[in-house]
Amino acid sequence: MQIGKKSFEIFCGTGGVGKTTLATARALQLAENGRKVLLITIDPAKRLKELLKLEDAEAGEVVSVHFNQTVQLDALLMSPEKTIQRMAGRAGEPHLSQNKIVQILSRPYGGMNEIFSLVELQMQFESGKYETIVLDTPPGPHFLDFLESLNKIKAFFDQSFVDIFNYLGKKKSKLGLMNRVISSGVKKLLSYLQAVTGAQFLDEFVEAVQVIYGSKDAFLKGLALQDKLKEKSQCNWFLVSSVEQGKIKEALDLKLHAEHFIHQDHYLLINKCLEKELSSWEPKDSNLIHLKESLVTKEHDLKENFKKHFTYVLEFPEVLELSPTEHLNFLYKYWNHYELQS
Ligand SMILES: Nc1ncnc2c1ncn2[C@@H]1O[C@H](COP(=O)(O)OP(=O)(O)OP(=O)(O)O)[C@@H](O)[C@H]1O
Ligand SMILES: [Mg+2]
């Protein structure tokens, strides 16, 4: 099977199936074949750090990795704070990263991480330095948040009250003016917020909306990226599953939910296949013979089932060595089974 060269490659799937490992292996294969590659991870488990021995790397900064004498790529561990700083710098909105509410929202589970990941992806693409950007996403539901984040951005900027805040923010006595300008629904909400949180919080809130609005171009470019990712000529989508977990239902659920955002030519990767290893195992003991047969049958049935639901299926073996670096060493070469289209 040949896989086209694209500007973006996105790896998604449920927890622990091998997204980070296979995405890293893929990035290394692309780099070995001469492409300029950036590997971005939004994996909260920070496994990329361990895999590429990035112990000293600062989150949010692009680092150059020399995996071996011939393979070199850039890697970035997502840090929303750093993305905001970059955005703020570009948009001439230095307050963006200083605003307390923005700081809260950009904490690991603050709700804005997915949005910032897309903005980061867009900014890195725009830098023109890379031929392919490989993105390793967090497990299942968080990945869907990532896809849906663009709709959240759109909803946010579509709301006319942003303009009102923008106007009010320029005035001195913001709260006084609100009485005259804002609809009763928003007014109620704000007076409630003021009662609960105090006027200072409300001022911060108004400022947060204003400065985010000031950087709206960066967010809206992220929005445009969504269309790019849906084009077959721009993005390879890899849905990762594994034999070990046999989670076909989860893979199908993810496919179903992601369908609005990805295109039809996506690939299913079945990781940790044991078939080859098992075929060279010749147990004498009848219990072990039985075990071998049942494992082979289970794996075979699972693959057949997957092939019914997915057009392109790529298999990756379970690597029995213990160290993650050895997994990587083996798997990045294994990607060559699936040739790059010239
Ligand atoms: N083909 C393989 N053979 C053997 N071990 C593997 C293989 N692929 C991944 N692993 C191991 O499985 C574990 C999970 O892998 P990885 O962290 O890549 O999964 P993930 O899907 O990114 O997980 P998470 O959902 O937590 O982000 C790791 O210990 C990794 O070394
Ligand atoms: Mg991971």
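Look above for the structure.
Reference entry: report on the structure contained in this document. (Residues numbered from 1 in each chain as written. Chains lettered and ligands numbered in written order. Predicted model: local features only at pLDDT ≥ 70, side-chain atom pairs only at ≥ 80, totals over all residues. Heavy atoms only, no water.)

## So, the pattern of salt bridges
Applying the stated rule across the entire model yields eleven salt bridges. Close ionic contact of Arg90 with Glu126 constitutes a salt bridge, the shortest N to O distance being 3.3 Å. Placement of the pair is Arg90 in helix α3 (residues 80-91) and Glu126 in helix α5 (residues 113-126), with a sequence separation of 36 residues. Given the relative accessible area of 51%, Arg90 is considered exposed. (Salt bridge = Lys/Arg side-chain N within 4 Å of Asp/Glu carboxyl O. Helix = DSSP H or I, 4+ residues; strand = E, 2+ residues; numbered from the N terminus. Buried < 20%, exposed > 50% of the residue type's maximum accessible area, 1.4 Å probe, protein only.)

## As for the packing of aromatic side chains
Scanning all chains against the criterion turns up twelve aromatic pairs. Ring centres of Phe67 and Tyr332 lie 5.6 Å apart, and the angle between their planes is 90 degrees; this geometry places the pair in the edge-to-face category. Linking Phe67 in the loop between β3 (63-66) and β4 (72-77) with Tyr332 in helix α15 (residues 324-334), this pair joins segments that are 265 residues apart in sequence. Tyr332 gets classed as buried once you look at its relative accessible area, which sits at 1%. Taken together, the ring pairs in this structure connect Phe11, Phe238, Tyr267, Tyr312, Phe316, Phe330, Tyr334, Trp335 and Tyr338 into an aromatic cluster. One cation-aromatic arrangement involves Arg26 over Trp335; the distance from NZ or CZ to the ring centre is 4.9 Å. (Phe/Tyr/Trp six-rings, centres within 6.5 Å; stacked < 30°, edge-to-face > 60°. Lys NZ or Arg CZ within 6 Å of the ring centre and 35° of its normal.)

## Re the side chain of Asn271
Locating Asn271 in the fold gives a position in strand β7 (residues 267-273). Given the relative accessible area of 3%, Asn271 is considered buried.

Distances and angles like these do not, on their own, reveal function.
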